[in-house]
Amino acid sequence: MTHIRVPIGVLGLALLAGLAAPPALAAENPAATPTVEEQRLDRAAPQEILTRSGFDTVAPQFARALGKARSYAQAERVVERQGARLWQRAVDRAQGRGPAGGDLSRDDDRPLYWARLGMTREVRQWQPEFGLTEARRTKLLAALERTSRGQDTIRYPHTETSKASKGSKGVKRILVTGFDPFTLDRDVRISNPSGATALALDGTVINTADGPARVETAVFPVRWQDFAEGTVERTLRRHLPHVDLFTTISQGRVGRIDVERTNGAWRGGFPDNENVSRTETVPVTDPASQPQWTSTTLPYKDIVAADTGRFPVYDNTSVTEIPAGGTAPVVRPDGPTAGSTARAGGGGDYLSNEIAYRATLLRDRLGLHDSLPGGHVHTPVLQFGAGNTDPASGTVTDPQFVQNRLDIIAQVRSILKVAANVTN
């Protein structure tokens, strides 16, 4: 998820379109105004994706269940149950369990994304007879986000409570995160291979030289505000002391995979999925002790040297910094210099860099830098097939698009196996 340049005119149109709320709805209930993400839901491509996966029934069924709630406590149970059900349904579909629900490839991450937005829109517009404060509505939305992203279902067999017992049962524990699709105003058909990888690998076992390794996953939104509010730390904090390996994953550059060596404490301002920009130091707790840079502890040399799949894999050491005593950004191919200020990590200055920075900073603040391999992997850009690259005339899927996604998923799994084999 690197910084992608979008023509200003296109971005301006997107902002105008995204921020335009239905006048009647906004007038009657300002809180019910759909978000920028939710407004994209009614476009043709998202509707086709939902229909061709069978996920078009998710929001209507959720709305009926929510409408039967006669108290906030009942509504909370409905939201948590239905959110968790959506996540499990998406995982099951990706892993070949149960009906496909349509002809869309099972490995597709997009049904989960668009179905979730249908659900959040229902919560936002719901006006129960018992009354609902905006604080409680916000709490319901947060619960729906958490449960439908697998963030609260990360569980390993025989989970121990102490660092000393980690792995003592003979099953290694791997934690992986992915992202929603993004740059949707450029092409609303977009899929994110990191999210697809999370669905494909959640709860699966990788056989390593030392025995089985259990993979657990979660998916994160492409929104600056959620990260500022601590969604990454809330999800990962209780698990990092007990896992053997973690990697955050996002979509990066065309035709290559990068193991990002260094992460920077800077937000570069590229618009998120709500068309919101943030240009600032990454906001974290205890900013007085915040470092400008964090580093991977993944076994990058082993990963780069291994034959993991069709895409070349690189140890990416480049960063952009303002040198100590300087004022202008400088690209450093071999990493940051002493005392410099971050302007881009190896993974850029967008949310992929930020999740890597937050996860590795959390690792370090938990005192796990020397014992826990962890970092960020950038997948190739997921490309549509030749002749299907124009969003205006193209189809939502094609055989090459599916094969590209399957190849990326398989190669990430191979990378995890290499890393797990090296981990003690």
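Note that the structure is a prediction, hence the values are computed from the model and not measured. (Residues numbered from 1 in each chain as written. Predicted model: local features only at pLDDT ≥ 70, side-chain atom pairs only at ≥ 80, totals over all residues. Heavy atoms only, no water.)

Engineer: Explain the pairing of strand β5 (residues 257–260) here, please?
Structural biologist: Remember that side chains alternate between the two faces of the sheet whenever the strand is regular. Of the two faces of β5, the one holding Ile257 and Val259 and the one holding Asp258 and Glu260 are both buried throughout. Note that β5 and strand β10 (residues 313–316) share four bridges and pair parallel. Looking at β10, one finds that aspartate 258 is bridged to tyrosine 314. Across three bridges, β5 lies against strand β14 (residues 374–379) in antiparallel orientation. By the bridge assignment for β14, aspartate 258 is matched with histidine 378. (Buried < 20%, exposed > 50% of the residue type's maximum accessible area, 1.4 Å probe, protein only. Helix = DSSP H or I, 4+ residues; strand = E, 2+ residues; numbered from the N terminus. Pairing = 2+ DSSP bridges.)

Engineer: It is not clear to me how the sheet that holds strand β13 (residues 341–344) should be interpreted in this structure. Could you clarify?
Structural biologist: Spatial strand order, β12-β11-β13: three strands in an open sheet with antiparallel pairing. This sheet does not close on itself; its edge strands, each paired only once, are β12 (330–332) and β13. Ignoring which end each strand starts from, the neighbouring axes of this sheet average 45° apart. Here three bridges tie strand β11 (residues 319–322) to β13, and the two strands are oriented antiparallel to one another. (Axes fitted to C-alpha atoms, helices over the stretch in contact; angles between N-to-C directions.)

Engineer: When you look at the environment of threonine 320 in this model, what are you seeing that I'm missing?
Structural biologist: When you line up the elements, threonine 320 lands in strand β11. Each C-alpha atom, one on threonine 320 and one on aspartate 349, is 9.3 Å from the other, the two residues being 29 residues apart in sequence. Setting aside residues up to four positions removed in sequence, threonine 320 forms contacts with Trp293, Pro329, Val330, Val331, Thr341, Ala342, Arg343 and Ala344. (Contact = heavy atoms within 4.5 Å.)

Engineer: Help me understand the sheet that holds β14, please; the structure alone is not making it clear to me.
Structural biologist: As a general point, the strands of a sheet are linked pairwise by backbone hydrogen bonds and lie either parallel or antiparallel. Here we have seven strands laid out as an open sheet, ordered β2-β3-β1-β4-β14-β5-β10, and mixed in their pairing. Looking at strand neighbours, the two that pair on one side only are β2 (205–208) and β10, the edges of this open sheet. The average angle at which neighbouring strand axes cross in this sheet is 25°, direction not considered. The sheet strands contacting helix α9 (residues 193–201) are β1 (172–179), β3 (211–220), β4 (245–251) and β14, and the helix crosses β3 at an angle near 135°.

Engineer: What am I meant to see in the confidence of the model for the protein here?
Structural biologist: Regions with low pLDDT carry predicted coordinates that are not meant to be interpreted in detail. Per-residue pLDDT for the protein has a mean of 92; in total, 90% of the residues score no lower than 70. Confidence over residues 3–28 falls short of pLDDT 50; this stretch has 28 contacts with residues more than four positions distant or in other chains. (pLDDT = per-residue confidence, 0-100.)

Engineer: Mind showing me how you'd approach α9 here?
Structural biologist: Because each turn of an α-helix spans 3.6 residues, side chains separated by three or four positions in sequence point in the same direction. Counting buried positions along α9 yields nine of nine residues, so the element is predominantly enclosed. Buried within α9 we find Pro193, Ser194, Gly195, Ala196, Thr197, Ala198, Leu199, Ala200 and Leu201.

Engineer: For this particular structure, what's the right way to read the pattern of salt bridges?
Structural biologist: If charged atoms from side chains of opposite charge come close, those side chains can pair. Within the structure shown, the criterion is met by 34 salt bridges. When the shortest N-O distance is used, the salt bridge between arginine 405 and aspartate 108 registers 3.5 Å. Within this pair, whereas arginine 405 is found in helix α14 (residues 399–422), its partner aspartate 108 is found in the loop between α6 (72–94) and α7 (110–125), the two being separated by 297 residues in sequence. Accessibility expressed as a relative area gives 4% for aspartate 108, which makes it buried. For glutamate 321, the salt bridge is made with arginine 332, and the minimal N-O distance between the two is 2.6 Å. On the criterion of sequence distance, the pair formed by glutamate 321 in strand β11 and arginine 332 in strand β12 is long-range, its members being 11 residues apart. Under the relative-accessibility criterion, glutamate 321 is labelled buried at 0%. Its relative accessible area of 28% is what places arginine 332 among the partly exposed residues. (Salt bridge = Lys/Arg side-chain N within 4 Å of Asp/Glu carboxyl O.)

Engineer: How should the packing of aromatic side chains be read in this particular structure?
Structural biologist: Aromatic ring pairs are reported here in terms of the distance separating the ring centres and the angle at which the planes meet. Counted by the stated rule, this structure contains eight aromatic pairs. With a centroid separation of 4.8 Å and 70° between ring planes, the pair formed by tyrosine 113 and tryptophan 114 is classed as edge-to-face. In this structure, tyrosine 113 and tryptophan 114 share a single accessibility class: buried. With centroids separated by 6.3 Å and ring planes inclined at 70°, the aromatic side chains of phenylalanine 220 and phenylalanine 227 adopt a geometry described as edge-to-face. On the accessibility criterion, phenylalanine 220 (0% relative accessible area) is buried. Relative accessible area serves as the criterion here: at 0%, phenylalanine 227 is assigned to the buried category. It is arginine 189 that lies over the ring of phenylalanine 384; its NZ or CZ is 3.9 Å from the centre. (Phe/Tyr/Trp six-rings, centres within 6.5 Å; stacked < 30°, edge-to-face > 60°. Lys NZ or Arg CZ within 6 Å of the ring centre and 35° of its normal.)

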